[in-house]
Amino acid sequence: MLFSRVLLLAILTLQGGDPVGAFAPSGVLTDSGREALVASNNNAKSSNAAAIDERHNYATASSSLSLSTVPTESEDFNISELLNKALKGDTEAASTVLDKIGAMRQEGAQEDMTNLLNTILGLTDAEKMPFWTKFRITSKLSKRSRLVSLHRVLNISTPAPSSDGEDTEEAKQDRRRRAVVVALRSIVNASDNEEEEQSKSTSKGLSISRIEKLARKDLKQNVSSEDMKSRIPEGLETPKYDVIAKRPTFEIREYESFSVCSVPMMKSRPDAATTDRKVSQPQLAGASSFGALAGYLFGKNEEQKAMKMTTPVLTTGEGDQKEMAFVLPSEYWDSGNADADADALSKAPSPLENSLVQLKKNEGGQRAVSMFGGFASSKEVEAKKKELLAKLASDSEWKPVDDAAVALAQYNDPFTPPWKRLSEVSVPVSKI
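What follows deals with the confidence of the model for the protein chain. Scored by pLDDT, the protein chain comes out at a mean of 79, with 74% of its residues at no less than 70. The least confident element of the protein chain, judged by mean pLDDT, is helix α3 (residues 47–65) at 37; the most confident is strand β2 (residues 251–255) at 98. This stretch, residues 1–75, has a pLDDT under 50; its non-local contacts, to residues over four places away or in other chains, come to 81 contacts. Of the regions scoring below 50 in pLDDT, residues 191–202 engages in 11 contacts with residues more than four places distant in sequence or in other chains.

Given below as structure tokens:
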């Protein structure tokens, strides 16, 4: 707090402002202090700063002009003002923008949706801003500082390429547009541990400065295993296990058996339009396989029976042997009673003939599991696999099962922010 007050005093002084009376005895910035800060900034602008303001004002004005072809329910839809309110933690403003994006997607207005998100990026990714916007404390007072804070959040939360192929500028921009939606959803769905009770009792969401703090904390990987496990979505079934050993970077789990539906990721399905569920982000790696499994789970099967969603999504194998799998609801798992469960999996709905979906039983067993946050890019997953195997190589009690494949488990939907995501790499192990 002391540093924050000193910083603001320094800004006032450097810009020609009189700091006297800026703060109340409690240390809170007074109305006159705020006016002094604004006035001193205006009086001390150089020609370069004026040009920056002119460019920012042009971007603000163009944010309304660029939406002239976008269908709106109100002529008052001003993305610049709505974004500013949202970045303060106004959930209503953030929801308004998200609803507009969602409506455009539903109506197939892809170009309008892209233009809207590009307008937000135009406001956020301005090449130059006043130097004081770099200080995070100023985001509580300044619209431009909040935009810079959003810029930093997007830098942290924009996912890396999901594969090792060529990464085009348009692909990078598309991922950044998706990160904008993730940031807005984070404002609406405020539920971090420290502010959970406040979020439940008020309509105010997290400000962009608070979101940035959470993002930076996750970036430093300063998160406990308990915090990681709290990121599993509530209400979704997941395989059962007991933790039987712990290490600083991984744990050994004893899994009970469970059942999955799986599909090969490298084979095309001849009747995908009939068998697959449409996904919101078809350009993402694995989206086609996800659509096939979601189609089966949500009713595109021989019995036309919809089942409950589960977590995680599992990926195993390499090359042509690579598979994606969904965990089936527990009514299709073994419960330990061999007589009762002999045909548990056989009671699951049969997949459609051309879907390539297969039903399988996973026997469970002992696995070494390493948890991590952020987006599970191919580069990140490969690094985590190597790290886990290296740790096991020096472990005195556990070793990987010979020729066993390392599996990836992803627990969250694509629009969950990286600082709330949980992924795991795991490998079957045995006692040395």
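Text resumes after the structure shown.
Turning next to the packing of helix α4 (residues 79–87) against helix α5 (residues 91–106). It is the contact of α4 with α5, at a shortest axis distance of 7 Å, that shows an interaxial angle of 130°. Here α4 is positioned oblique relative to α5, judged by the angle of their axes. For the pair α4 and α5, the crossing hand works out as left-handed. Together, I79, L82, K85 and A86 of α4 and A93, A94, T96 and V97 of α5 make up the contact between the two elements.

Next up on the list: the pairing of strand β1 (residues 241–246). The sheet contact formed by β1 and β2 spans five bridges and is antiparallel. Across the sheet, V243 pairs through a bridge with R253, a residue of β2. Counted between consecutive antiparallel strands, the loop separating β1 from β2 contains four residues.

So, on to the nonpolar core. Of all hydrophobic cores here, the largest spans 39 residues; its most connected members are L83 and L184. When contributions to this core are tallied by element, the ones reaching two or more residues are α4, α5, α6 (110–124), α7 (143–157), α8 (169–188) and α10 (208–219). The dominant element in this core, judged by the number of residues it contributes, is α8, at seven residues. If we skip the residues at most four places from it in the chain, L184 touches L83, A86, A94, V97 and L98.

Mapped onto the elements of the fold, F77 is located in the loop between α3 and α4. Along the chain, F77 and V97 lie 20 residues apart, while their C-alpha atoms are 9.1 Å from each other.

Turning to unusual backbone geometry, a few remarks are in order. P312 follows T311 through a cis peptide bond whose omega is 5°. Turning to its location among the elements, P312 is positioned in the loop between α13 (287–297) and β4 (313–316). In this model, Q304 sits at a positive phi of 55°, which is unusual for a non-glycine residue. Its place among the elements puts Q304 in the loop between α13 and β4. For Q304, a relative accessible area of 68% gives the class exposed.

Another aspect to go through is the side chain of S426. Position of S426 relative to the elements: it lies in strand β10 (residues 423–431). At 3.0 Å, the side chain of S426 and the side chain of R367 are in polar contact. Every residue in contact with S426, bar those within four places of it in the chain, is listed here: R367, A368, V369, L388, A405, V406 and A407.

Turning next to α13. Of all 11 residues in α13, nine are buried; the element is thus mostly enclosed. Residues of α13 that are buried include every one of A287, S289, G291, A292, L293, A294, G295, Y296 and L297, and no others. Contact partners of the buried residues in α13: β3 (258–264), α12 (272–275), β5 (323–327) and β6 (358–362).

A few words on the packing of aromatic side chains. Tallying each qualifying case throughout the model produces four aromatic pairs. Summarising the aromatic geometry, the rings of F131 and F135 are spaced 6.4 Å apart at their centres and angled 85° between planes, so their arrangement reads as edge-to-face. Ring geometry for Y241 against Y255: centres 5.1 Å apart, planes inclined by 50°, an arrangement best described as tilted. Of the two residues, Y241 is situated in strand β1 and Y255 in strand β2; the sequence distance between them amounts to 14 residues. The ring of Y241 has R253 lying over it, and the distance from NZ or CZ to the ring centre is 4.2 Å.

On to the pattern of salt bridges, then. Side chains that carry opposite charge are capable of pairing whenever their charged atoms lie near each other. Evaluation of the coordinates by the stated rule reveals 20 salt bridges. Its salt-bridge partner being E212, residue R152 comes within 2.6 Å of it at the nearest N-O pair. Of the two residues, R152 sits in helix α7 while E212 sits in helix α10, which places them 60 residues apart along the sequence. Taken as a pair, R152 and E212 share a single burial class, namely buried. Of the charged contacts in the structure, one is a salt bridge between R177 and E170, with a shortest N-O distance of 2.6 Å. Here the salt bridges share partners, and the residues they tie into one network are K229, K246, E251, R253 and E424.

Definitions and cut-offs
- Residues numbered from 1 in each chain as written.
- Predicted model: local features only at pLDDT ≥ 70, side-chain atom pairs only at ≥ 80, totals over all residues.
- Heavy atoms only, no water.
- pLDDT = per-residue confidence, 0-100.
- Helix = DSSP H or I, 4+ residues; strand = E, 2+ residues; numbered from the N terminus.
- Contact = heavy atoms within 4.5 Å.
- Axes fitted to C-alpha atoms, helices over the stretch in contact; angles between N-to-C directions.
- Parallel < 35°, antiparallel > 145°, perpendicular 65-115°, else oblique.
- Left-handed = near helix turned anticlockwise from the far one by under 90°.
- Pairing = 2+ DSSP bridges.
- Core = buried A, V, L, I, M, F, W, Y, C linked by side-chain atoms within 4.5 Å.
- Buried < 20%, exposed > 50% of the residue type's maximum accessible area, 1.4 Å probe, protein only.
- Polar contact = N/O pair within 3.5 Å; in protein donor to acceptor, adjacent residues only side chain to side chain.
- Phe/Tyr/Trp six-rings, centres within 6.5 Å; stacked < 30°, edge-to-face > 60°.
- Lys NZ or Arg CZ within 6 Å of the ring centre and 35° of its normal.
- Salt bridge = Lys/Arg side-chain N within 4 Å of Asp/Glu carboxyl O.

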